[in-house]
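# Fold and contact review
Now for the letters of each chain:
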Amino acid sequence: MLEVLRGMSLSSEPLQHAVVFLFNGAEENVLQASHGFITQHPWASLIRAFINLEAAGVGGKELVFQTGPENPWLVQAYVSAAKHPFASVVAQEVFQSGIIPSDTDFRIYRDFGNIPGIDLAFIENGYIYHTKYDTADRILIDSIQRAGDNILAVLKYLATSDMLASSSEYRHGNMVFFDVFGLLVIAYPSRVGSIINYMVVMAVVVYLGKKLLQPRHRNADYPRDFFCGLAITFIGWFTSLVTVLIIAVFISLIGQSLSWYNHFYIAVCLYGAATVAKIILIHTLAKRFYYVNVSNQYLGEVFFDTSLFVHCAFLVALTYQGFCSAFMSAIWVAFPLLTKLCVYKDFKKHGAQGRFIALYLLGLFIPYIYGLYLIWAVFEMFTPILGRSGSEIPPDIVLAAILAVCVMILSSYFIKFIYLVNSTKTTMLTLTLVCAISFLLVCSGAFFPYSSNPANPKPKRVFLQHMSRTFHNLEGNVVKRDSGIWINGFDYTGMSHITPHIPEINDTIRAHCEEDAPLCGFPWYLPVHFLVRKNWYLPAPEISPRNPAHFRLLSKEKTPWDSIKLTFEATGPSHMSFYVRTHKGTTLSQWSLGNGTPVTSRGGDYFVFYSHGLQASAWQFWIEVQQVSEEQPEGMVTVAIAAHYLSGEDKRSSQLDALKEKFPDWAFPSAWVCTYSLFVF
């Protein structure tokens, strides 16, 4: 941003609009700085558009993965100005679906400022994102130059645009946009995309309708063979998916999950090869036992048509649901159909000769090369995420399913060759052998998931919190007090690879959920408890921070509408978490936080994240508890507060430092001290 700022300041080109460079922090504090700017700064009301710079990795191409909303002129600005475009509406719809557990300042500007913008991020090498290896020297100069060229060009375009002053007038629907191998961006309104998609669908309807309605031949019943071919195709896909999922479940159960994390080719050899082999097996059996005495050439046509129909069905479904990503299905329908119509006569006359194969592959070049381009981006982003997606999501099952779906798509128009060739035995045996060898190697533990190789590190992430907990009853008396180091591994393997290096961290010290406490009675920094249910609790001496947290009830009063208003005061370090659980027969009706409406986290408890600067007054807030039944003897509500010491001397303890030193070099432990106090009212 500094270099872009320098370039803008030295430019002789006059600007029609002012440009604000916002160097905001506190993103990991749940996007507080961007929220503070857009809701409180006097310049906020003057902002008409923004470019948000993000990172989900270290370097590579910066991907435009969100635009708008509904401001196509912004996409056009990027299309016109970006020198090295890398953008996809597919990435936008995947990110906004919530599949990726992340958030950016884009949402804050959009939701709280009602401002349109462009969100772009580095996505390469997410393995080291937010670890000790995430250093400036790992970002290639080429990546910085490329990003700077794009941002400066788009910024200049926007700053001299006539549309910016009255941007709300140009808000009319979404855009379909995608880059063509980084050379250019194709963009058009989604309504135009819908028209194009349905035109492609009509072409398929005419093509297949003509075939389905043609008179039956003596040796062929096309409608029957078509629908049987459709059933066989789905059986092949279903059984191949089931096969790879069974393999993935078995590997997860024997403790060899994530074996591909440091060796991605293993996933391809294991799950990819198994998917292709099973598809070939199903179609080979159909050819041998069902389609007896049927022309191979005829069967090749039938299975091309079934693949075309399936892609067309997806095109209709995606377009009907309003997904801009439907353009991908349109590409996978239009180009193969055009190819089929162009080579049909040659195929009928000469069969599957070299000329036909060359023309057929040439016609499929565009959908396949672009499909591979997008698949690369998907795995570049998703594979590292699976290494930090928590203990409850088996990453092998997720990756196996994604790989299987990708193989199904890529193999769809090649199924016809199973029926055109004389034998598939060699291919099937080779794929089975590759899969079997990979399976045996993975089961034997030959592929270790993590790496500390400085050139290409793949660290395991671990959180260590040295904490002291105090539990009070309704009378305010202490009923339980303990202390220890709370350990969370943020991937599916848990501590299985750590235990050989640190024997004291084993399953005998698994943390147990405090059923009556919100979020199981642990000091969660953020409410991700549903993703990480496997924790370890290593007993350790009690901690005594120099700046201890204090929490007290200031007042308890009954409101005219018969609810109980509890007012609290809290003081402590810069980061604190507040948790609430209502008891049976009570509800949380309102509070003084946010917009006043309490929102539960997953599981039904309430979570509040609070942070402040170096100098801050005591935090005072209130909650209102509504009793919907008679007063319970165990109280109305349980609350807890955790104080997180993330800096200074209070962050460390001798026990925490000693434990960190024991971790192997391929692990990245993040450690801090915290206290936890629970109260019942």
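The paragraphs below set out a description of the structure included in this document. Remember, predicted model here, so these are calculated numbers, not experimental data.

Our next topic: the overall build of the protein. Along the protein, the regular secondary structure elements total 17 helices and 16 strands. By principal-axis analysis of the C-alpha atoms, the protein measures approximately 90 × 65 × 55 Å. For the protein, with 681 residues in total, the buried portion stands at 51%. A gap of 12 Å separates the mean positions of the 49 positive and 50 negative side-chain charges of the protein.

The next thing to look at is unusual backbone geometry. Even without being glycine, His130 reaches a positive phi, approximately 65 degrees. Its location among the elements puts His130 in the loop between strand 3 (117–122) and helix 6 (141–159). Overall, His130 belongs to the partly exposed group, its relative accessible area being 39%. The backbone of Cys520 sits at a positive phi, close to 65 degrees, despite the residue not being glycine. Secondary-structure assignment places Cys520 in the loop between strand 7 (478–489) and strand 8 (535–539).

Taken in spatial order, the three strands make up an open sheet running 1-3-2, and their pairing is mixed. Looking at the sheet topology across the chains shown, the edges are occupied by strand 1 (50–55) and strand 2 (62–68). In this sheet, neighbouring strand axes are inclined to one another by 20 degrees on average, regardless of whether the strands run parallel or antiparallel. Note that strand 2 and strand 3 share six bridges and pair antiparallel. Note that in strand 3 the partner of Leu63 across the bridge is Ala121.

Topologically, Tyr360 is positioned in helix 12 (residues 354–363). The buried category is assigned to Tyr360, whose relative accessible area is 0%. Sequence separation between Tyr360 and Tyr413 is 53 residues; the distance between their C-alpha atoms is 9.9 Å. Apart from residues lying up to four places away in sequence, Tyr360 is in contact with Phe304, Thr339, Val343, Tyr413, Lys416 and Phe417.

The final tally for this structure, using the stated rule, is 16 salt bridges. One salt bridge connects Glu62 with Arg146, and the closest N-O pair in it is separated by 3.3 Å. Of this pair, Glu62 sits in strand 2 while Arg146 sits in helix 6, placing them 84 residues apart in sequence. Grouping residues by exposure puts Glu62 and Arg146 together as buried. Salt-bridge contacts for Lys211 lead to Glu301; the nearest nitrogen and oxygen are separated by 2.7 Å. Of this pair, Lys211 sits in helix 7 (residues 190–212) while Glu301 sits in helix 10 (residues 296–320), and the two are 90 residues apart along the sequence. Here Lys211 and Glu301 have matching classes, each one buried. Linked by salt bridges that have partners in common, Lys211, Glu301, Asp305 and Lys340 make up one network.

Turning to empty space enclosed by the protein, a few remarks are in order. For the coordinates displayed, the defined rule picks out three cavities of 30 Å³ or more. Counted as a void, the largest cavity has a volume near 50 Å³. What lines the largest cavity is Thr67, Gly68, Glu70, Asn71, Pro72, Val75, Gln92, Gly173, Asn174, Met175 and Phe177. Counting only elements with at least two residues in the lining of the largest cavity, the list comes to strand 2, helix 3 (72–81) and strand 4 (175–179). Here the residues of the lining of the largest cavity are counted per class, giving four nonpolar, six polar and one charged.

Below, the discussion takes up the state of the cysteines. Within this structure, the stated rule accounts for one disulfide. Each sulfur in the disulfide pair Cys513 and Cys520 lies 2.0 Å from the other. Note on the Cys513 and Cys520 pair: the S-S dihedral is about -85 degrees, so by sign convention the disulfide is left-handed. Judged by its relative accessible area of 33%, Cys513 falls in the partly exposed class. Note on Cys269: no disulfide assigned, nearest cysteine sulfur contributed by Cys435 at a separation of 9.4 Å.

This part takes up the sheet that holds strand 14 (residues 619–627). One open sheet accounts for four strands, arranged 9-10-14-12; its pairing is antiparallel. Sheet topology places strand 9 (550–558) and strand 12 (586–591) at the edges, where each strand pairs with a single neighbour. For this sheet the average axis-to-axis angle between neighbouring strands, irrespective of direction, equals 30 degrees.

Within the largest apolar cluster, 165 residues are counted, with the highest numbers of intra-cluster contacts made by Tyr271, Phe327, Ile487 and Trp619. For Ile487, the contacting residues outside a window of four places in its chain are Val462, Phe463, Leu464, Met495, Ile505, Asn535, Trp536, Leu538 and Leu659. Ranked by size, the runner-up nonpolar core spans 22 residues in total, among them Phe522, Tyr525, Tyr579 and Val680.

Another point: the packing of helix 7 against helix 8 (residues 222–253). Any two packed helices are characterised by the angle at which their axes cross and by the distance between the axes. The interhelical angle for the contact between helix 7 and helix 8, taken along N-to-C directions, is 125 degrees, at an axis separation of 8 Å. On the basis of the axis angle, helix 7 is oblique to helix 8. Here Leu208, Lys211 and Leu212 of helix 7 come into contact with helix 8, specifically with Tyr222, Pro223, Phe226 and Phe227. Considering only residue class, the contact of helix 7 with helix 8 consists of six nonpolar, no polar and one charged.

Moving on, we come to the pairing of strand 5 (residues 185–189). Along any regular strand the residues' side chains alternate between the sheet's two faces. Pairing geometry for strand 4 and strand 5, over five bridges, is antiparallel. Counted as the bridge partner of Val176 is Tyr188 from strand 5.

Below, the discussion takes up the packing of aromatic side chains. A complete count under the given rule lists 57 aromatic pairs for this structure. Here Phe568 and Phe578 contribute two aromatic rings whose centre-to-centre distance is 6.2 Å and whose plane-to-plane angle is 55 degrees, an arrangement assigned as tilted. Residue Phe568 is found in strand 10 (residues 563–571), and its partner Phe578 is found in strand 11 (residues 575–582); the two are separated by 10 residues along the sequence. The burial state of Phe568 is the same as that of Phe578; both residues are buried. Site record: aromatic cluster; members linked through ring pairs are Phe551, Phe568, Phe578, Tyr610, Trp619, Phe621, Phe679 and Phe681.

Tracing the backbone through its elements, the reader meets Ser88 in the loop between helix 3 and helix 4 (89–96). Ser88 sits in the buried class, given a relative accessible area of 5%. Measuring from C-alpha to C-alpha, the distance between Ser88 and Ser190 comes to 13 Å, with 102 residues separating the pair along the chain. In contact with Ser88, other than residues within four places in its own chain, are Leu63, Val64, Phe177, Phe178 and Leu374.

This part covers the pairing of strand 7. Direction of pairing for strand 6 (residues 460–472) relative to strand 7: antiparallel, over a ladder of 11 bridges. Within strand 7, the residue paired with Arg469 across the bridge is Asp482. A loop of five residues connects strand 6 with strand 7, the two strands running antiparallel in sequence, and Gly476 in this loop sits at a positive phi of about 90 degrees.

Reading guide: rules and limits
Residues numbered from 1 in each chain as written. Predicted model: local features only at pLDDT ≥ 70, side-chain atom pairs only at ≥ 80, totals over all residues. Heavy atoms only, no water. Helix = DSSP H or I, 4+ residues; strand = E, 2+ residues; numbered from the N terminus. Buried < 20%, exposed > 50% of the residue type's maximum accessible area, 1.4 Å probe, protein only. Lys, Arg positive; Asp, Glu negative; His and termini not counted. Charge placed at Lys NZ, Arg CZ, Asp CG, Glu CD. Pairing = 2+ DSSP bridges. Axes fitted to C-alpha atoms, helices over the stretch in contact; angles between N-to-C directions. Contact = heavy atoms within 4.5 Å. Salt bridge = Lys/Arg side-chain N within 4 Å of Asp/Glu carboxyl O. 1 Å grid on protein atoms, 1.4 Å probe; cavity = no way out; pocket = protein on both sides within 12 Å on 5 of 7 lines; lining within 4 Å. Points joined across faces, edges and corners; volume = space filled by probe spheres on them. Nonpolar A, V, L, I, M, F, W, Y, C, P; charged D, E, K, R; others polar. Disulfide = S-S within 2.5 Å. Core = buried A, V, L, I, M, F, W, Y, C linked by side-chain atoms within 4.5 Å. Parallel < 35°, antiparallel > 145°, perpendicular 65-115°, else oblique. Phe/Tyr/Trp six-rings, centres within 6.5 Å; stacked < 30°, edge-to-face > 60°.

Limitation: the analysis is restricted to geometry and does not speak to function.
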